[in-house]
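Spelled out from the first residue to the last, the chains are:
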Amino acid sequence: MKKIATILILVLASTVVFISCDNKRQPGKVYMPDMAYSRSYETYAERDSSTFSMNIQERGGSKIFYNALPATGSIKRGEFMPYTLPNDSNGYKMSAMVPNPIQSMTEDEMKEAGRLFNINCAICHGEKAQGNGPISTSGKIGGIANLTLDMYVKMAEGTMFHSITYGKNNMGSYASQLSKKQRWMVVKYIRTLQPKAAVAVVADSTMKAK
Amino acid sequence: MSRYRITINKTLAVLLLVLLFSINNSAFAADGEALFKANCSNCHKPDADYTGPALKGWSSRVPSPDWVYKWVANPAQMIATDAYAKALFEQWKPTVMTAFSNLKKEEIDAILKYVDDYTPPAPATASASGAAGGASDDSMLYGILTLVLALVALILLQVNSNLRKLSDEKEGIYRSEPVPFYRNKTYLMAGILVLFIVGGYFTITGAIGLGRMKNYQPVQPIYYSHKIHAGINQISCLYCHGSAQDSKHAGIPSVNVCMNCHMAIKEYKGDPIVREDGSAVNGTEEIQKLYQYAGWNPDTKQYNADNNSDGIPDGAKPISWVKIHNLPDHVYFNHSQHIKVGKQQCQTCHGNIQEMPEVFQFAELSMGWCVNCHRESKVDFYNKETKEGNKFYSIYEKFHEDIKNHKLDSVTVEKIGGTECQKCHY
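Residues numbered from 1 in each chain as written. Chains lettered and ligands numbered in written order. Predicted model: local features only at pLDDT ≥ 70, side-chain atom pairs only at ≥ 80, totals over all residues.

## What about the overall build of chain A?
Tallying secondary structure elements over chain A gives 10 helices and two strands in all. For chain A, the N- to C-terminal ordering of α and β elements is α-α-β-β-α-α-α-α-α-α-α-α. Split into buried and exposed, the 210 residues of chain A put 21% on the buried side. Taking contacts inside chain A between residues at least 6 apart in sequence as the whole, the part at least 24 apart equals 54%. (Helix = DSSP H or I, 4+ residues; strand = E, 2+ residues; numbered from the N terminus. Buried ≥ 20, exposed ≤ 12 C-beta atoms within 10 Å, placed from the backbone. Contact = placed C-beta atoms within 7 Å.)

## Quick notes on the overall build of chain B
Within chain B, the regular secondary structure consists of 16 helices and four strands. Each of the 426 residues in chain B was classed as buried or not, and the buried ones make up 14%.

## Structural notes on the nonpolar core
Of all hydrophobic cores here, the largest spans 44 residues; its most connected members are Phe117, Val186 and Ile190 of chain A. Those elements that place two or more of their residues in this core are helix 4 (107-120), helix 5 (122-125), helix 8 (157-166) and helix 9 (180-193) of chain A together with helix 9 (237-240), helix 10 (255-262) and helix 11 (283-294) of chain B. Ranked by residues supplied to this core, first place goes to helix 9 of chain A with six residues. The contact partners of Val186 of chain A, leaving out residues within four places of it in the chain, are Ala113, Leu116, Phe117, Cys121, Ile164 and Leu178 of chain A. If you look at the next biggest cluster of nonpolar residues, it comprises eight residues, including Leu35, Phe36, Tyr114 and Val115 of chain B. (Core = buried A, V, L, I, M, F, W, Y, C linked by C-beta atoms within 7 Å.)

## Some thoughts on the interface of chain A and chain B
Taken together, the contact between chain A and chain B spans 48 residues of the former and 53 residues of the latter. Per element, the largest residue contribution to the side of chain A that touches chain B is eight residues, and it comes from helix 1 (residues 2-20) of chain A. When its residues are assigned to classes, the side of chain A that touches chain B shows 24 nonpolar, 18 polar and six charged. (Nonpolar A, V, L, I, M, F, W, Y, C, P; charged D, E, K, R; others polar.)

## Observations concerning the confidence of the model for chain A
Mean pLDDT for chain A: 82, with 88% of residues reaching 70 or above. Note on residues 197-210 of chain A: pLDDT is under 50 here. Beyond four places in sequence and across chains, it has 11 contacts. (pLDDT = per-residue confidence, 0-100.)

## Considering unusual backbone geometry
Residue and element names in this part refer to chain B. For Gln234, which is not a glycine, the phi torsion comes out positive at approximately 55 degrees. By the element assignment, Gln234 lies in the loop between helix 8 (226-232) and helix 9. Classification of Gln234 by C-beta neighbours within 10 Å gives partly exposed; the count is 14. Positive phi values are uncommon outside glycine, yet Leu365 reaches one of about 55 degrees. Considering the arrangement of structural elements, one finds Leu365 in the loop between helix 13 (346-350) and helix 14 (367-376).

## As for the environment of Ile319 of chain B
All names here are of chain B. With respect to the helices, strands and loops of the structure, Ile319 is situated in the loop between strand 4 (302-303) and helix 12 (335-341). A residue is classified by how many C-beta atoms lie within 10 Å of it, and Ile319, with 18 of them, is partly exposed. Ile319 has contacts with Pro221, Ile222, Val255 and Tyr293, leaving out every residue within four places of it along the chain.

## Some remarks on helix 8 of chain A
All names here are of chain A. Of all 10 residues making up helix 8, eight are buried, and the element is well covered by its neighbours. Looking at the buried residues of helix 8, the elements they touch are helix 3 (89-94) and helix 9. Looking one or two places after helix 8, you find Gly167, whose phi comes out positive at around 85 degrees.

## A closer look at the packing of helix 4 of chain A against helix 9 of chain A
All names here are of chain A. Direction vectors running N to C along helix 4 and helix 9 enclose 95 degrees, while the axes themselves pass 9 Å from each other. Considering the angle they form, helix 4 stands roughly perpendicular to helix 9. Along the contact surface, helix 4 presents Glu109, Met110, Glu112, Ala113, Gly114, Leu116 and Phe117, while helix 9 presents Gln182, Met185, Val186, Lys188 and Tyr189. Tallied by class, residues from the contact of helix 4 with helix 9 come to seven nonpolar, two polar and three charged. (Axes fitted to C-alpha atoms, helices over the stretch in contact; angles between N-to-C directions. Parallel < 35°, antiparallel > 145°, perpendicular 65-115°, else oblique.)

## Some words on the packing of helix 10 of chain B against helix 11 of chain B
Residues and elements named next belong to chain B. Contact pair helix 10 / helix 11: the axes reach a minimum separation of 10 Å and the direction vectors enclose 130 degrees. It follows that helix 10 is oblique to helix 11 by the angle criterion. Judged by the twist between their axes, the crossing of helix 10 over helix 11 is left-handed. Across from Val255, Cys258, Met259 and His262 in helix 10, the residues of helix 11 making contact are Ile287, Leu290, Tyr293 and Ala294. Its residues assigned to classes, the contact of helix 10 with helix 11 comprises seven nonpolar, one polar and no charged. (Left-handed = near helix turned anticlockwise from the far one by under 90°.)

## Things to note about the confidence of the model for chain B
All names here are of chain B. Taken as a whole, chain B shows an average pLDDT of 81; of its residues, 88% reach a score of 70 or greater. Within the model, pLDDT remains below 50 along residues 21-27, and this stretch shows zero contacts once partners closer than five positions in the same chain are excluded. Taken together, the stretch residues 124-135 has pLDDT below 50 and engages in zero contacts with residues farther than four places along the chain or on a different chain.

## Description of the environment of Val281 of chain B
All names here are of chain B. Inspection of the secondary structure assignment puts Val281 in strand 2 (residues 280-281). Separated by 58 residues in the primary sequence, Val281 and Tyr223 place their C-alpha atoms 7.7 Å from one another. Excluding its chain neighbours within four sequence positions, the residues that come into contact with Val281 are Tyr223, Ile273, Val274, Arg275 and Glu286.

Below you can see the structure in the form of structure tokens.
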């Protein structure tokens, strides 16, 4: 009889222990913490501020300078050379002279460029680049460019690249989301969405027809 | 006769003229709306400030009626020469209005007429009448019913035994006093067995669940609703989590990605957000929190200066989001492998993220769950004829041959080594 009682108590106790860990706001416990949690620094792990510093002035001091950025001047494999024009009105004007390093794209590359456009640009500019993406039509952000307008058809590809790189008006910079190569690819893709020959005349007549 | 004809002709002509004029008139008014929508509505609203000022009541503000035509034709030149234009620019900078030199005077007049006559459409009558009223909880009802029935059964049992006792006494049969049920061995054994099974069930599920965090839903530093961003606003998952296609990690977007939209979107105007415990969330305040983290001043529309040379605006700091989906350190998982090569949807493992106000862990992320999917998922082999499918798998020649010879109809991830131990544990 006593044995049964002890078994009962044990079972009940372990049940309570296991169930009590069930709170959805807490991550819960694991069996072997040293196998579950990494001992090396994981991505996004917070660095100990008593050992590490992000202040470049403290470089070479008692702390380790580390800001998670690649060394200055390093270029990723397959990436284009750095874009050097500054983010000011002068740089904007000069960007018109920068040629697109991508001359032509294969069918697959064009598909990829379209995919990137649809993810990053179409949310505002619309899938046909007519300035009517979901954010635009719901009126959340105003002043979204209709890229099929005459002024954008005439705009140099370098200027488009400049605007994507640094942002323009309400548009932010996309340099952190798209690599330089991807940005040039997207520019090429936008060109395919724009009306081509006799552009000005066509745009004008459609406007009147409305 | 000819005199009649002349009068008829004259009246017809007058009628025609009137008709033409009226058609022209209505066309003119409609034209204003269409022209406004085609050219102006991106930056202007008739009755509210937007990227540019509200246009209604323009005539009381501009210095001269002619000013509008000159401004529309060439805003940049006007800013340089005209005092009022310059003041306008100062108020709305850095955005400068695009020149619309192709708009004719009559067209501008039509737009201005439309703007002045504009009345906002009546707001849709509130239709929310509390749809959740009738949904009563059935399980409660069943529980009460069961209890009542059990009580009735107990009373009936008691009555039965009492009646039997009475009849036994009448007939002169004497039975020994019955053993109380808590000392009856059959009852005890049955009780222990039930307890053992129930307790064992909870213990085992609890023990299996230890280390798994299904439904884990931590409180995040900012109330960020995936339902609003990915659901209502239809932003692609890869807009913010772009590194899911290039790297092991799906990536938490850096604050500048948030600022791509929130430079312009300063306040939340959608449906009220309510937490699960019923408290309301102030969306605008949550956006203000983002500005704090970004070191952005929404009034001057600029980032704070970087005086302490740490490479980010002063006061800015990364948002310490709480990671929800954790795999043990001894498991290797690569997002790009699943997204780019395997062409999986995010929702396969993360659930309907676009409907979650607060994200929780949808899948159990156990090994059995992983392996199950590897056993069932079919690999998208490249088809040379239709040019569809994934070229990555062209190295598996044997399977291509087998498919060609109709020995196989499809290949699962398991067949190409997706359940080998070293695939994920090394």
